[in-house]
Amino acid sequence: MRNEIVVGLDGSPSSKSALDWAAEQARSVGAVLRAVHVLDWPYGLSSAGFPAPANFMDVSREELRNSYRQTMAAVFDAVSPHSDWILQFASGDTGRVLVRQSKDARLLVVGTREHVGLARILDGSVSHYCLTHAVCAVVAVPALAADRRAEDSETVGQDTTVVIDEE
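As the structure is a computational prediction, the values presented were derived from the model and not from experiment.

1. Re the packing of helix α3 (residues 94-101) against helix α5 (residues 126-133)
At a minimum axis distance of 9 Å, the contact between α3 and α5 shows a crossing angle of 35°. Like other packed secondary-structure pairs, α3 and α5 cross with a definite hand, here right-handed. Between α3 and α5, the contacting residues are Thr94, Gly95, Arg96, Leu98 and Val99 on the first element and Val126, Tyr129, Cys130 and His133 on the second. Here the residues of the contact of α3 with α5 are counted per class, giving five nonpolar, three polar and one charged.

2. Quick notes on the sheet that holds strand β2 (residues 32-39)
An order of β3-β2-β1-β4-β5 is seen for the five strands of this open sheet, with the pairing classed as parallel. With partners counted over all chains shown, the strands left at the sheet margins are β3 (86-91) and β5 (137-142), one partner each. Averaged over neighbouring strand pairs, the angle between their axes works out to 25° when direction is ignored. Pairing analysis gives six bridges linking β2 to β3, with the strands arranged parallel. Paired with Val36 across the bridge in β3 is Gln88. On the sheet, α3 packs against β1 (4-8), β2, β3 and β4 (107-112) and is oriented at approximately 155° with respect to β2.

Thresholds, definitions, all that
Residues numbered from 1 in each chain as written. Predicted model: local features only at pLDDT ≥ 70, side-chain atom pairs only at ≥ 80, totals over all residues. Heavy atoms only, no water. Axes fitted to C-alpha atoms, helices over the stretch in contact; angles between N-to-C directions. Helix = DSSP H or I, 4+ residues; strand = E, 2+ residues; numbered from the N terminus. Left-handed = near helix turned anticlockwise from the far one by under 90°. Contact = heavy atoms within 4.5 Å. Nonpolar A, V, L, I, M, F, W, Y, C, P; charged D, E, K, R; others polar. Pairing = 2+ DSSP bridges.

Next comes the structure, spelled out in structure tokens:
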């Protein structure tokens, strides 16, 4: 086992919370942090704050890759990474890639998002896949409450009221 913490990073509020938690944990135990961003073309064109083109068919894979890399690098840099920490880019099925990348790690950290109904069927749950398939310990980190409200309102739409019970 390597003294490494792997964290999934997609730019969502929950993955940013996961990155923050993983960075703090890596600092406290002296581990190397490896943030892995998985791109499964063409999904996620604007889901993490990237500019959505008028016609995404006019965007090349390289242009999309560069946009993601710049945005993810800014998110990664926001945690003031140590010089031995790594930002890695991969492609494929996100859950499978994260499980494979963490097979020799001390810990895998993922963000959690609540998918309901059709979204859960279509997207599945990366965090659930990782929790059930990883061979190392897995920590699932939710987004901060304020970020969850913003994420929920974007998912549900403008005409729907979302009530979050904060017990």
